[in-house]
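Close look at the chain arrangement
Now for the letters of each chain:
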Amino acid sequence: MIDSLPAGGRDVVYWDSKLPGFGVRVYPSGVKVYLVQTRADGKSRRLTVGRHGLITANEARKRAARIIADIKAGKEPAPRNGASPADASPTIAEVAARYMTEHVAVLCKPMTQLQCRSILDRHLLPVLGGERLGEIGRGRVASLHHGLRETPIMANKVLELLSRLFKMAELWEIAPEGGNPCRFVRKFKERGRERFLSDEEFRRLGRALGELEAEGRVPPDIVGAFRLLMLTGCRKSEILTLRWDEVDLRAGEIQLRDAKTGARAVAISPSARRVLEGLARVARSPWVFPGKKPGRHYQNLNMPWRLIRARAGLDDVRIHDLRHSFASRALALGETLPMIGKLLGHKKVQTTARYAHLARDSVKASAARVAESLRADLEGAAEGARKGGLVPRGGIEPPTRGFSVLCSTD
């Protein structure tokens with residue numbers, strides 16, 4: 001019966017008809033967890049009993065009966081398979097360490113690992129690291145989230161990571177009573193930032209790159225990296241981690257083995273080919289853009305970018321905006337959204353859909369060009385008809401039954 005309980009769009013608790021206060025929570029993911037809810041000293045208590053599949057319904061009911069009896073007698077239930085009181089649950093720091101070791105390090109890409117580590121070290125651990133899961137309620141989470149309101153995107157990322165820690169703790173059966181408090185905190189609205197370079201801004205950027213390279217203030221290989229970013233639409237990480245054995249100039253392709261969305265091919269245009277051919281190769285280094293340390297690739301483009309954009313007068317432009325501008329230019333040239341998604345390596349259609357409004361602008365411009373062309377032909381026909389005396393000034397009239405009468409009178 002428990003196996004057949006359906007998973008929906010939100011958590012649902014089904015209560016037992018035999019033992020009041022004993023139930024099973026069904027999560028949208030399909031995970032089913034037995035729980036107990038009872039009252040003592042005027043306060044409601046809810047504790048996790050265990051996960052379905054690891055214990056049976058009968059065993060969970062027996063444990064629940066003991067937990068209820070302990071609470072009614074004023075005793076604190078002994079920790080058992082996740083039915084931990086607040087003071088027996090692990091700390092956020094302990095769960096985070098296990099999460100980074102068993103999940104992130106095994107399943108996530110290096111960039112994701114760095115992001116998780118950064119969020120933990122900068123926002124979560126300094127505030128909640130020493131607190132136990134059972135001590136953290138909805139208000140505590142809401143306060144942390146609200147405190148980061150000036151950076152709403154980061155606030156939402158902190159909330160998501162904290163929620164994942166609670167979910168993994170539940171999966172490991174060390175979750176506290178009361179479930180995941182992050183579920184009840186509403187995320188901030190995120191406004192997507194869009195910045196596309198105009199033709200003139202691209203020219204200024206090109207001049208800045210040439211001048212700074214000639215002055216020796218930006219190394220030629222870094223200038224090449226920025227030119228490749230603009231000419232391919234690749235992500236910064238894809239360019240920085242590019243290996244020479246992934247570059248096939250004969251086939252005209254870059255075969256990225258481990259891009260953000262998996263392996264993909266990037267076409268090499270003639271201009272991108274000239275950039276790659278002009279780069280110097282470092283002996284015994286597999287990287288197209290090797291770093292200063294032997295065996296390492298270049299790690300960061302932020303410092304040279306600040307210098308470049310200042311020279312070009314583009315202080316509000318991020319490196320990632322070069323990728324957006326590549327898509328914008330492709331749409332302006334008439335490429336379709338599916339083709340843009342393929343050029344950028346998008347795995348989901350929804351990711352490319354952010355450029356839909358630009359596609360509409362292209363469609364409007366195309367419709368205007370067609371309409372203007374037709375208008376010229378129509379006005380030319382109207383002028384010819386007026387000269388023949390067939391149409392009154394001010395417009396074109398279709399032939400009518402009175403046309404023969406008009407001809408006869410003429």
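Let me begin by describing the structure that accompanies this report. On a predicted model such as this, the values are computed, not experimentally measured, just so you know. (Residues numbered from 1 in each chain as written. Predicted model: local features only at pLDDT ≥ 70, side-chain atom pairs only at ≥ 80, totals over all residues. Heavy atoms only, no water.)

Some words on unusual backbone geometry
- Backbone geometry at arginine 284 places phi at a positive 65°, although glycine is not the residue there.
- Locating arginine 284 in the fold gives a position in the loop between helix 9 (270-277) and helix 10 (302-312). (Helix = DSSP H or I, 4+ residues; strand = E, 2+ residues; numbered from the N terminus.)

Details of the layout of surface pockets
- Taken as a whole, the second largest pocket spans an internal volume of roughly 440 Å³.
- Lining the second largest pocket we find 18 residues, and of these Tyr27, Ser163, Lys167, Asn180 and Arg183 sit closest to its centre.
- Classifying every residue of the lining of the second largest pocket by side-chain character gives 8 nonpolar, 3 polar and 7 charged. (1 Å grid on protein atoms, 1.4 Å probe; cavity = no way out; pocket = protein on both sides within 12 Å on 5 of 7 lines; lining within 4 Å. Points joined across faces, edges and corners; volume = space filled by probe spheres on them. Nonpolar A, V, L, I, M, F, W, Y, C, P; charged D, E, K, R; others polar.)

Structural notes on the pattern of salt bridges
- On inspection of all chains with the given rule, the structure shows 19 salt bridges.
- One salt bridge connects aspartate 121 with arginine 117, and the closest N-O pair in it is separated by 3.2 Å. Residue aspartate 121 and its partner arginine 117 are both found in helix 3 (residues 110-128); the two are separated by 4 residues, about one turn of the helix.
- Relative accessible area serves as the criterion here: at 42%, aspartate 121 is assigned to the partly exposed category.
- Under the relative-accessibility criterion, arginine 117 is labelled partly exposed at 34%.
- Glutamate 277 is paired through a salt bridge with arginine 273; the nearest N and O atoms lie 3.1 Å apart. Of this pair, glutamate 277 and arginine 273 both sit in helix 9, 4 residues apart, which is roughly one turn of the helix.
- On the basis of relative accessibility, which here comes to 47%, the residue glutamate 277 falls in the partly exposed class.
- According to the relative accessible area criterion, arginine 273 is partly exposed, its value standing at 31%. (Salt bridge = Lys/Arg side-chain N within 4 Å of Asp/Glu carboxyl O. Buried < 20%, exposed > 50% of the residue type's maximum accessible area, 1.4 Å probe, protein only.)

Focus: the sheet that holds strand 2 (residues 22-26)
- In space, the 4 strands of this open sheet follow the order 1-2-3-4, with antiparallel pairing throughout. Two strands in the sheet have a free side with no partner beyond their single neighbour: strand 1 (12-15) and strand 4 (43-51). Geometrically, the sheet is characterised by an average inter-axis angle of 30° between neighbouring strands, direction not taken into account.
- Of the strands in this sheet, strand 2, strand 3 (32-40) and strand 4 are in contact with helix 1 (residues 57-72), which crosses strand 3 at around 20°. (Pairing = 2+ DSSP bridges. Axes fitted to C-alpha atoms, helices over the stretch in contact; angles between N-to-C directions. Contact = heavy atoms within 4.5 Å.)

Structural notes on the packing of aromatic side chains
- This model, assessed by the stated rule, comprises 2 aromatic pairs.
- Taking 5.8 Å as the distance between ring centres and 20° as the angle between the ring planes, the aromatic pair formed by phenylalanine 22 and tyrosine 34 counts as stacked. A residue pair is termed long-range when its members are at least 10 positions apart, and phenylalanine 22 in strand 2 and tyrosine 34 in strand 3 qualify at 12 residues. As far as the burial class goes, phenylalanine 22 and tyrosine 34 line up, both buried.
- The ring of tryptophan 172 has arginine 98 lying over it, and the distance from NZ or CZ to the ring centre is 4.1 Å. (Phe/Tyr/Trp six-rings, centres within 6.5 Å; stacked < 30°, edge-to-face > 60°. Lys NZ or Arg CZ within 6 Å of the ring centre and 35° of its normal.)

Points about the sheet that holds strand 5 (residues 247-248)
- Within the open sheet, the 3 strands sit side by side as 5-6-7. Their pairing is antiparallel. Looking at which strands have only one partner, the edges of the open sheet turn out to be strand 5 and strand 7 (262-267).

Let's talk about helix 12 (residues 337-344)
- Every buried residue of helix 12 is accounted for by Ile340, Gly341 and Leu344. One side of helix 12 holds all its buried residues, which, seen down the axis, span an arc of 100°. Facing away from the buried surface of helix 12 by more than 90 degrees, the exposed residues are Pro338 and Lys342.
- Summarising the contacts, the buried residues of helix 12 are in contact with strand 7, helix 11 (320-332) and helix 13 (349-352).
- Phi for glycine 345, located one or two positions after helix 12, is positive at around 75°. (Arc of directions from axis to C-beta.)

Focus on the nonpolar core
- In this structure, Leu205, Phe226, Leu276, Val288, Trp305, Ile308 and Leu322 are the most contacted members of the largest nonpolar core, which totals 38 residues.
- Of all the secondary-structure elements, those providing two or more residues to this core are helix 6 (199-214), helix 7 (220-232), helix 8 (236-240), strand 6 (253-259), helix 9 and helix 10.
- Ignoring sequence-local partners within four residues, the contact set of leucine 322 consists of Leu197, Leu205, Phe226, Leu229, Met230 and Trp305.
- With 29 residues, the next largest nonpolar core counts Tyr99, Leu165, Trp172 and Val185 among its residues. (Core = buried A, V, L, I, M, F, W, Y, C linked by side-chain atoms within 4.5 Å.)

Things to note about helix 10
- By the burial criterion, the buried members of helix 10 are Pro304, Trp305, Ile308 and Ala312. Buried residues of helix 10 fall within an arc of 100° about the axis and therefore sit on the same side.
- Each element contacted by the buried residues of helix 10 is listed here: helix 6, helix 7 and helix 11.
- Downstream of helix 10 by one or two residues, glycine 313 has phi in the positive range, about 70°.

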